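Take a look at the letters that make up each chain.
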Amino acid sequence: MKKFDVKQLLLCILAVLSPRFVIGGIYPLVPVVFMTGFLSGVNRSLLFLCSIGGLLALAPLRILMKYGMILLLSAALVQIAEWYFHKCKTWVAAVLTGISTAVATLVWQAMQIPDAATVATGIVEGVFVYGAVFLFTRLVWMLPDWPSQAGQPMPVYVQGGEKLSGYAESFGQLSRTFRQMNRYQSDFTAEELSRMQNEVAGSLCVSCSQCAACWDTEDTPMYRILYRFLQSVQHGEDMVNAAGDLREHCVCMDEMMRQVMRVFEKAHLNLSWYNRLQENRDAIAEQLNAMSYIMEDCAANEQDVTAAEGKVAAQIRYALKERGIVCDDLRILKKSGDKLEILLQAHTRGKKCVTVKEIAKDISKATGYPFLPAKDTKALLGEKEARIAFLESARLTASYGVAKAVRDGEQMSGDNFSFQLLDDGRCVMALSDGMGSGSAACKESEMVIDLIEKFMESGFRPDTALQMMNSAMVTHGENNLFSTVDLAAVDLDSGVMQIYKIGAAATFVRHGGQVEWIEDHSMPVGVFMSQKPARRETQVEAGDFVVMVTDGVLEHLYVDDARETVAEIIREIDTGNPGEFARRVLEQVLLFTGGRVRDDMTVLAAGIWEKTVL
């Protein structure tokens, strides 16, 4: 059953009242209002009854017969067109209605039925009906989405946004709690030194024959002497020199020094584990904080702006109607970066299927913005109702190629890479070089790349994703293996590229005939918790190339400046194919090394291009 809304009610009322508009004995608004409602989704049976009821109440019988025939003929012709073509465009329906109106006048004249309309009047009426149907139908399709929202707070969070905001606040508070719990300790407190003193005295002096002479007298200096000796050891002073006073009072000096060293070793081990625990708490706090951020971002990421974008929604509905698609529900969401997302629940008329790419073309043409089907959206829309999504496309696009060489004597490269075109209009490329070579290095860098991909697909900012990944690798710490990270995120609308480096080699960007390199010196991922990724920014445009390389490409060229040499290689390459580009770079580098591969080599090249409109 069709939803009955204000638009239907208005058109049904106009259908009843349309016979009141009379010009020279003709009733042109009767077919105009009827066909406008017929094309605008009004219940067709109800609309026909309203039109006939109005004629019966407000017009003579002969007018009822004439315009009843016009309504039936025009409706039949439009439905035949919909059945045969599975759609009927507005201009076609307007033409059919105009012809039906003119033909009815000619038939009335041929049958010599009394009528105030002449043949010329009938033709003029048909032309008027054609134009009015075309114009009014467009206007009616705009009506449901045009209300002004200027005085209302917009946009409104999509369902669940407030709950996500609450979750985000909870995770943020939990992160702050973990950070407040942390108290890193670099040295021993006075209380801990006192406990060490009691442990040394308890384990050694209790069995010594001189214990009573050293500890039981009221004026014994042993407390002060042993405590001062422990302080000296703590501060790294030479034990022999620090034990001067202690040697004068303790007959078991050598054994005392061994006991002190044993206690200090155990205390240092406990201190290391304590700080490791604090570091793990920091890692958990970092991850909780990132979860808080992503929840806040999700809560505000998709904002329902359907009412505010009423004109856009109306244009989309009309374009879909022209394609023969029945739109049951339409939502317009604004995502981060002011990108629009169209959520459509619809089906086609009849058994005809329409490709989602064709719908994307219609939406792009109607709105003036480029739209593409969302990832994993079905390819066809049929008579069965379905939900499909379209995302506003970016101005630029990117493609990539990679070339690799495995270290001599190894079967597997320790380098791994990733290339992603995200739904939010960003291109993210990442390269990781596992320390060492072979399967162990490959496993480590693969883990890093896998974490980056998952974080970026989830919507994290690159710096947040890298901090979370670093905290995960700090707690991982298996076999003390580490990896470098080189990550570039390109905004495919503005062309701004952000480059993040953690222990990685230089990144090269070719702008026409110029090549710039971007580098930073830092430790690999997972070395320490507080490490922050260095960020650099540059601008890229269509035709530019971004080239990432691992250390093996730069470290064995045996030239004065390896970066300048690689930049010259990149500058001279003449191809638009990223795969061929990467292969040629690697081949030229191997000419400098004599074909030897002393470390894993990987070249990841990405080309930036203007996006082709569908």
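All values derive from a computational prediction rather than experimental measurement. (Residues numbered from 1 in each chain as written. Predicted model: local features only at pLDDT ≥ 70, side-chain atom pairs only at ≥ 80, totals over all residues. Heavy atoms only, no water.)

Draft legend 1. Spotlight on the overall build of the protein. Looking only at helices and strands, one finds 20 helices and 18 strands in the protein. A total of 614 residues make up the protein; the buried ones form 48% of that total. (Helix = DSSP H or I, 4+ residues; strand = E, 2+ residues; numbered from the N terminus. Buried < 20%, exposed > 50% of the residue type's maximum accessible area, 1.4 Å probe, protein only.)

Draft legend 2. Highlighting unusual backbone geometry. The phi dihedral of Y558 falls on the positive side, at around 55°, and the residue is not glycine. The exposure class assigned to Y558 is exposed, which follows from its relative accessible area of 60%.

Draft legend 3. Fine view of the sheet that holds strand 14 (residues 507–511). A sheet is described by the order of its strands in space; here five strands give the open sequence 9-18-17-14-15, paired in antiparallel fashion. Only two strands of the sheet have a single neighbouring strand rather than two, namely strand 9 (396–405) and strand 15 (514–518). Adjacent strand axes in the sheet meet at a mean angle of 20° when their direction is disregarded. Helix-sheet contacts for helix 20 (residues 578–592) involve strand 9, strand 14, strand 17 (545–549) and strand 18 (601–610), and the interaxial angle to strand 9 is about 35°. (Pairing = 2+ DSSP bridges. Axes fitted to C-alpha atoms, helices over the stretch in contact; angles between N-to-C directions. Contact = heavy atoms within 4.5 Å.)

Draft legend 4. Local environment of the pairing of strand 12 (residues 485–491). For strand 12, the buried fraction is high: six of the seven residues fall into the buried class. Bridging between strand 11 (residues 426–433) and strand 12 involves six bridges; their strand directions are antiparallel. Bridging across to strand 12, V428 finds its partner in A489. Relative to strand 13 (residues 496–502), strand 12 runs antiparallel, the two sharing six bridges.

Draft legend 5. Structural context of the pattern of salt bridges. Counting across every chain of the model gives 16 salt bridges. Between R563 and E519 there is a salt bridge, and its shortest N-O distance comes to 2.2 Å. Here R563, found in helix 19 (residues 562–572), pairs with E519, found in the loop between strand 15 and strand 16 (534–539); they are 44 residues apart in sequence, far enough to count as distant. Residue R563 is classed as partly exposed on the basis of its relative accessible area, which comes to 26%. One salt bridge connects E537 with R535, and the closest N-O pair in it is separated by 3.9 Å. Classification of E537 as partly exposed rests on a relative accessible area of 49%. Residue classification places R535 among the partly exposed residues on the basis of a relative accessible area of 44%. Taken together, the shared-partner salt bridges in this structure form one network comprising E580, R583, R584 and E587. (Salt bridge = Lys/Arg side-chain N within 4 Å of Asp/Glu carboxyl O.)

Draft legend 6. Expanded view of the packing of helix 5 (residues 90–110) against helix 6 (residues 119–142). Direction vectors running N to C along helix 5 and helix 6 enclose 160°, while the axes themselves pass 8 Å from each other. If you check the angle between helix 5 and helix 6, you find them roughly antiparallel. In this structure, helix 5 crosses over helix 6, and the sense of that crossing is right-handed. On the side of helix 5, the interface is formed by T90, W91, A94, V95, T97, G98, T101, A102, T105, L106 and Q109, while helix 6 contributes V119, G122, I123, E125, G126, V129, Y130, V133, F134 and T137. Grouping the constituent residues of the contact of helix 5 with helix 6 by class yields eleven nonpolar, nine polar and one charged. (Parallel < 35°, antiparallel > 145°, perpendicular 65-115°, else oblique. Left-handed = near helix turned anticlockwise from the far one by under 90°. Nonpolar A, V, L, I, M, F, W, Y, C, P; charged D, E, K, R; others polar.)

Draft legend 7. Here's a closer look at helix 19. Along helix 19, the residues classified as buried are A562, T565, V566, A567, I569 and I570. For helix 19, the elements touching its buried residues are strand 14, strand 15, strand 17, helix 18 (551–554) and helix 20. Near the N-terminus of helix 19, the side chain that reaches the backbone nitrogen of R563, with its oxygen 3.1 Å away, is that of D561. (Polar contact = N/O pair within 3.5 Å; in protein donor to acceptor, adjacent residues only side chain to side chain.)

Draft legend 8. Structural view of the packing of aromatic side chains. Within the structure shown, the criterion is met by eleven aromatic pairs. Measuring from centroid to centroid gives 6.3 Å for W83 and Y84, while their planes differ by 50°, and the two rings are tilted. Here the two residues W83 and Y84 agree in accessibility, since each one is exposed. What links up through ring pairs into an aromatic cluster is the set F34, F38 and F48. Over the ring of Y318 we find R138, and its NZ or CZ is 4.1 Å from the ring centre. (Phe/Tyr/Trp six-rings, centres within 6.5 Å; stacked < 30°, edge-to-face > 60°. Lys NZ or Arg CZ within 6 Å of the ring centre and 35° of its normal.)

Draft legend 9. Examining the sheet that holds strand 12 more closely. Strand order in the open sheet made by the five strands is 10-11-12-13-16, with antiparallel pairing throughout. Since the sheet does not close on itself, it has two edges, and those belong to strand 10 (415–421) and strand 16, each with one partner. Sheet twist, expressed as the mean angle between neighbouring strand axes with direction ignored, is 15°. Examined bridge by bridge, strand 13 and strand 16 share six bridges and lie antiparallel to one another. Pairing of I499 across the sheet is with R536, part of strand 16. Helix 16 (residues 438–457) rests against strand 10, strand 11 and strand 12 of the sheet, and its axis sits at about 15° to strand 10.

Draft legend 10. Broad picture of the nonpolar core. Counting residues in hydrophobic clusters, the biggest one holds 35 residues, and the most contacted among them are F34, M35, F38, L55, Y67, V78 and V133. Contributing elements (two or more residues each) for this core: helix 1 (6–17), helix 2 (29–39), helix 3 (44–58), helix 4 (61–85), helix 5 and helix 6. For L55, the residues in contact, after removing those within four places along its chain, are P19, V30, I63, L64, Y67 and G68. The next biggest cluster of nonpolar side chains, apart from the first, holds 27 residues, and it includes V515, I569, I573 and V597. (Core = buried A, V, L, I, M, F, W, Y, C linked by side-chain atoms within 4.5 Å.)

Draft legend 11. Main features of a nonpolar patch on the surface. A cluster of nonpolar side chains, L73, W91, V95, I99, V103, Y130 and F134, forms an exposed patch at the surface whose accessible area comes to about 570 Å². Contributions of two or more residues to the nonpolar patch are made by helix 5 and helix 6. Here the nonpolar patch gets four residues from one element, more than from any other, and that element is helix 5. Overall, V103 belongs to the partly exposed group, its relative accessible area being 33%. (Patch = residues over 30% accessible without salt bridge, like charges linked within 9 Å, V, L, I, M, F, W, Y side chains within 5 Å. Areas by Shrake-Rupley, 256 points an atom, 1.4 Å probe, with all protein chains shown as cover.)

Draft legend 12. Local environment of the side chain of T602. Mapped onto the elements of the fold, T602 is located in strand 18. Overall, the relative accessible area of 0% leaves T602 in the buried class. In contact with T602, other than residues within four places in its own chain, are V402, A403, K404, S413, D415, L431, M548, V549, T550 and V553.

Draft legend 13. Up close: helix 4. The terminal C-alpha atoms of helix 4, which comprises 25 residues, lie 36 Å apart, in line with the 36 Å expected from a rise of 1.5 Å per residue. What helix 4 keeps buried is the set I63, L64, K66, Y67, G68, I70, L71, S74, A75, V78, A81 and E82. Those residues of helix 4 hidden inside the fold are in contact with helix 2, helix 3, helix 5 and helix 6. Where helix 4 terminates, the next one or two residues include H86, which has phi positive at roughly 65°. (Expected span 1.5 Å × (residues − 1).)

Draft legend 14. Region of interest: the side chain of S418. When you line up the elements, S418 lands in strand 10. Judged by its relative accessible area of 2%, S418 is buried. Those residues in contact with S418 that sit more than four places away from it in its chain are V428, M429, A430, I449, E453 and L604.

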